[in-house]
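Residue-level structural notes
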Amino acid sequence: MKKKTTGINSFLISGAVLSALMLGLILLGLVWTPYSPTAMDGAAKFQPPSPAHLLGTDNFGRDIFSRVLQGADATFLIALCVVAVSCTLGVLLGSLCGYYGGLADLILTRICDSITAFPAVLLALVIVSLTGRGKANVIFALSLLFIPSFARLTRGEFARCRELNYVKSARLMGVSTGRILFRHILPNTLPVLLPAVTIGFNNAILSEASMSFLGIGVQPTEASLGLMLSDSQTYLQSAPWYALCTGGAVVLLILGFSLLSEGLQRRKDG
Amino acid sequence: MTDGKVLEVRNLNAWYQEGPALLGGRRRRQVLFDLSFSIGAGEILGLVGESGSGKTSLSRAILGLLPDYTGEIVHRSRRPQMVFQDPYSSLNPAHTVDWILQEPLRAAGMRDAEQRRAAVAEMLEKTGLGPEYAGRYPRELSGGQRQRVSIAAAVITRPELVIADEPVSALDVTVQAQILRLLGQLQKEYKLSYLFISHDLNVIYQICSRVLVMKEGRIVEQGPVEELFSRPQHPYTRQLLAAGA
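This structure is a prediction, so every number in the text was calculated from the model and none was measured. (Residues numbered from 1 in each chain as written. Chains lettered and ligands numbered in written order. Predicted model: local features only at pLDDT ≥ 70, side-chain atom pairs only at ≥ 80, totals over all residues. Heavy atoms only, no water.)

1. Regarding the overall build of chain A
As a reminder of what qualifies: Secondary structure elements follow DSSP: runs of H or I of four or more residues count as helices, runs of E of two or more count as strands, with numbering from the N terminus. For each residue, the accessible area found with a 1.4 Å probe, counting protein chains only, is set against the maximum for its type, and the residue is called buried under 20%, exposed over 50%, and partly exposed in between. We call two residues in contact whenever any of their non-hydrogen atoms come within 4.5 Å of each other. Here the Shrake-Rupley method, with its probe set to 1.4 Å, supplies the accessible areas, and only the displayed protein chains count as covering residues. Charge assignment: positive for Lys and Arg, negative for Asp and Glu; neither His nor the chain ends contribute. To locate a charge, the coordinates of NZ of Lys, CZ of Arg, CG of Asp or CD of Glu are taken.
Helices and strands together make up the secondary structure of chain A, namely nine helices and zero strands. Listing every helix and strand of chain A by position from the N terminus yields α-α-α-α-α-α-α-α-α. If one aligns the C-alpha atoms of chain A with their principal axes, the spans along those axes are about 75 × 50 × 30 Å. Out of the 270 residues in chain A, the part that is buried amounts to 46%. Residue pairs in contact within chain A that sit at least 24 positions apart in sequence constitute 71% of those at least 6 positions apart. As displayed, chain A offers around 12,900 Å² of accessible surface, 69% of which is attributable to carbon and sulfur atoms. Of the side-chain charges in chain A, 20 are positive and 13 negative, and the distance between the mean point of each set is 14 Å.

See below:
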């Protein structure tokens, strides 16, 4: 009940540092890359990492560091959109269901359960094959699939808080329902919601990478970490740094947010 | 006692719905039986009874939270407020004392932030907390301090009627006495009426002027505190007194 942060939360700090570092690189990639990510150089194919090409070059002689920066941008932006859309809608649905309960709650909860019963990437494949490929459709499909996780969590929290005395008093005071939901209850769900957002973000990065890897996400000419991983596996023997560096970028990105989420959770538990 | 009444209840019967909401499997269970009483302006009416006697159901009915009832509940007060037993769940942990105390004023339509802050400062002083508590969070307060904040939040809009549901039961005895004194002071100062619910006859004796004794959803006895304590009529009242002594 009484929470006091004692000592240093090493998860939170290392996660924040790593995430900030990756975020810095992503922002850098938006404005500057050492080489053009699409510039091909026939003379410099499959070069191992060197001072000139920090992470080496790929099968077209393109600078892998530049492409990782750009690919991380694409992946990150997609994940950001997915989390923003699914979290907003999930919280909205979950809060209404949790607060009001009743038949609508029952039906929506069952729908969420049935969506969760399928592997996310599989359902995303189905949706994208119906709507067509491309970034926007990937965002649409993943957002839809990520709604249940946020909705379920929020629903539980709101159903718990609904019966607490401070919510009852707010009702007695005549506070409007919207204000009760978002000013009285929502701030109290943040300790649970924030770790879920970071986990959701990681899942979105992985799902996007998986979909691009399978060729239904970001389309060639653009870079994406998943797409690059897919390309690199052909050259695993001859140019292992290609796969290692691209994979490493995914790992670091996710590790940073996982640590952050773990740190947030530990802070909540005290 | 003044002749005005803040609440009048006549022949109140109330039911709870039980069973699953779907499939029409609901049954009614009567929890309140033919209750009639009133609370005068500036009066502290005690409500005693063991748990399950219908005390909380009655307060819910008064607040309009029991839709299934017959009889009359006539309010002469705007928005009765409530002080709860558990001081830990009655304050929103995400907000400061200042925000918590301003909220009832905002809900009542007081737009001017200066005015709200002045009212909060006054309430903090009246409840014996002092201005330094404005920026604190509930988790930084003791049970007694939390209960002071809860009382301040209930009283800040000057409701005519405050329902206090076991407001001191969760506190230790010395803090109990302080909170009871505070409730008494505020009642005199702002001419409040209380419906004071408790299972503890000592507490009722200290603060109330009149008492209702409830058992199994019925009022078995009501009267002025002194009379009821010295000459209990109903065997159940005698039993309660014997147990409390």
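The rest of the description comes next.
2. Some words on a nonpolar patch on the surface
Residue and element names in this part refer to chain A. Basically, it comes down to this: In this analysis, a patch consists of residues with relative accessible area above 30% that form no salt bridge, clustered at 9 Å for like charges and at 5 Å for the nonpolar side chains Val, Leu, Ile, Met, Phe, Trp and Tyr. The term salt bridge refers to a side-chain nitrogen of Lys or Arg lying within 4 Å of a carboxyl oxygen of Asp or Glu.
On the surface, Leu-25, Leu-27, Leu-28, Leu-30, Val-31, Trp-32, Leu-77 and Leu-80 cluster together to form a nonpolar patch covering roughly 770 Å² of accessible area. Top element by residues in the nonpolar patch is helix H1 (residues 10-31). It accounts for five residues. Position of Leu-28 relative to the elements: it lies in helix H1.

3. Re the packing of helix H7 (residues 177-213) of chain A against helix H8 (residues 225-232) of chain A
Residue and element names in this part refer to chain A. Basically, it comes down to this: The angle between two axes is taken between their N-to-C directions and runs from 0 to 180 degrees, where each axis is a line fitted to C-alpha atoms and a helix contributes only its stretch in contact. Our angle categories are set so that under 35 degrees counts as roughly parallel, over 145 as roughly antiparallel, 65 to 115 as roughly perpendicular, and the remainder as oblique. For any pair of crossing helices, the crossing counts as left-handed if the nearer helix is rotated counterclockwise from the farther one by less than a right angle, and right-handed if it is rotated clockwise. Each residue is assigned to one class: nonpolar for Ala, Val, Leu, Ile, Met, Phe, Trp, Tyr, Cys and Pro, charged for Asp, Glu, Lys and Arg, and polar for all the others, Gly among them.
At a closest axis distance of 7 Å, the pairing of H7 and H8 adopts a crossing angle of 45°. If you check the angle between H7 and H8, you find them oblique. In this structure, the crossing between H7 and H8 has a hand that is right-handed. Residues Ala-209, Ser-212 and Phe-213 of H7 form the contact with H8, whose participating residues are Gly-226, Leu-227, Leu-229 and Ser-230. A per-class count over the contact of H7 with H8 returns four nonpolar, three polar and no charged.

4. Overview of the sheet that holds strand S5 (residues 81-83) of chain B
All names here are of chain B. For clarity, the cut-off: DSSP calls a pair of strands paired once it identifies at least 2 bridges connecting them.
Read across the open sheet, the six strands follow the order S5-S6-S7-S3-S8-S9; overall the sheet is mixed. Only two strands of the sheet have a single partner each, and these edge strands are S5 and strand S9 (218-224). When the angles between neighbouring strand axes are averaged without regard to direction, this sheet yields 20°. Pairing between strand S6 (residues 161-165) and strand S7 (residues 193-198): five bridges, direction parallel. Of the residues in S7, the one forming a bridge with Val-162 is Tyr-194.

5. Here we look at the environment of B:Ser169
All names here are of chain B. Threshold: N or O atoms within 3.5 Å of each other form a polar contact, as long as, within protein, one can give a hydrogen and the other can take it, and as long as residues adjacent in sequence are counted only when both atoms are side-chain atoms.
Inspection of the secondary structure assignment puts Ser-169 in the loop between S6 and helix H5 (173-190). For Ser-169, a relative accessible area of 25% translates into the label partly exposed. Filtering out sequence-adjacent residues up to four positions away, Ser-169 remains in contact with Gln-85, Gln-176 and His-199. Polar side-chain contacts of Ser-169 include one of 2.4 Å to the side chain of Glu-166.

6. Thoughts on the environment of A:Tyr35
Residue and element names in this part refer to chain A. Structurally, the position occupied by Tyr-35 is in the loop between H1 and helix H2 (64-100). When its relative accessible area of 33% is taken as the criterion, Tyr-35 is described as partly exposed. In this structure, the C-alpha to C-alpha distance between Tyr-35 and Phe-65, residues 30 residues apart in sequence, is 8.5 Å. Excluding residues within four positions of it along the chain, Tyr-35 makes contact with Ala-52, His-53, Asp-63 and Ser-66.

7. A look at the interface of chain A and chain B
Under the convention used in this document: Two parts placed together each lose some accessible area; with a 1.4 Å probe, that loss summed over both constitutes the buried area.
Chain A puts 20 residues into the contact, and the matching count from chain B is 22 residues. The largest share of the area that chain A buries against chain B comes from A:Asn165, A:Leu172 and A:Met173, three residues that together contribute 34% of it. Connecting chain A to chain B are one salt bridge. Linking chain A with chain B are 10 residue pairs in polar contact (both at pLDDT 80 or more), by the criterion used here.

8. Looking at the side chain of A:Ser143
By the secondary structure assignment, A:Ser143 is in helix H5 (residues 135-162). With residues up to four places along the chain from it excluded, the contact list for A:Ser143 reads A:Cys81, A:Val82, A:Val85 and A:Ser86.

9. Topic: the side chain of B:Ser90
For B:Ser90, the location among the structural elements is in the loop between S5 and helix H2 (97-107). Separated by 3.2 Å, the side chain of B:Ser90 and the backbone oxygen of B:Asp86 make a polar contact. Within the structure, B:Ser90 has its side chain in polar contact with the side chain of B:Ser150 (distance 3.3 Å). When neighbours within four sequence positions are excluded, B:Ser90 is seen to be in contact with A:Asn165, A:Tyr166, A:Ser169, B:Phe84, B:Gln147 and B:Ser150.

10. A look at the confidence of the model for chain B
Residues and elements named next belong to chain B. Filter applied, for reference: On a scale of 0 to 100, pLDDT captures the predictor's confidence in every residue.
On average, chain B scores 90 in pLDDT, and the residues at 70 or more come to 95%. Per-element averaging of pLDDT across chain B places helix H8 (residues 235-244) at the bottom with 85 and H2 at the top with 96. Reported confidence for the predicted complex is 0.86 by ipTM and 0.83 by pTM.

11. A few points about the pairing of strand S1 (residues 5-18) of chain B
Residue and element names in this part refer to chain B. Where S1 and strand S2 (residues 27-40) come together, 10 bridges link them in antiparallel fashion. Note that in S2 the partner of Glu-18 across the bridge is Arg-27. Where S1 lies against strand S4 (residues 69-75), six bridges are found, and the strand directions are antiparallel. What sits directly across from Leu-7, in S4, is His-75.

12. Re the state of the cysteines
The line we're drawing: Any cysteine sulfur atom paired with another within 2.5 Å is treated as part of a disulfide.
Applying the stated rule across the entire model yields zero disulfides over all chains. Its sulfur unpaired, A:Cys97 is 7.4 Å from the next cysteine sulfur, which belongs to A:Cys112.

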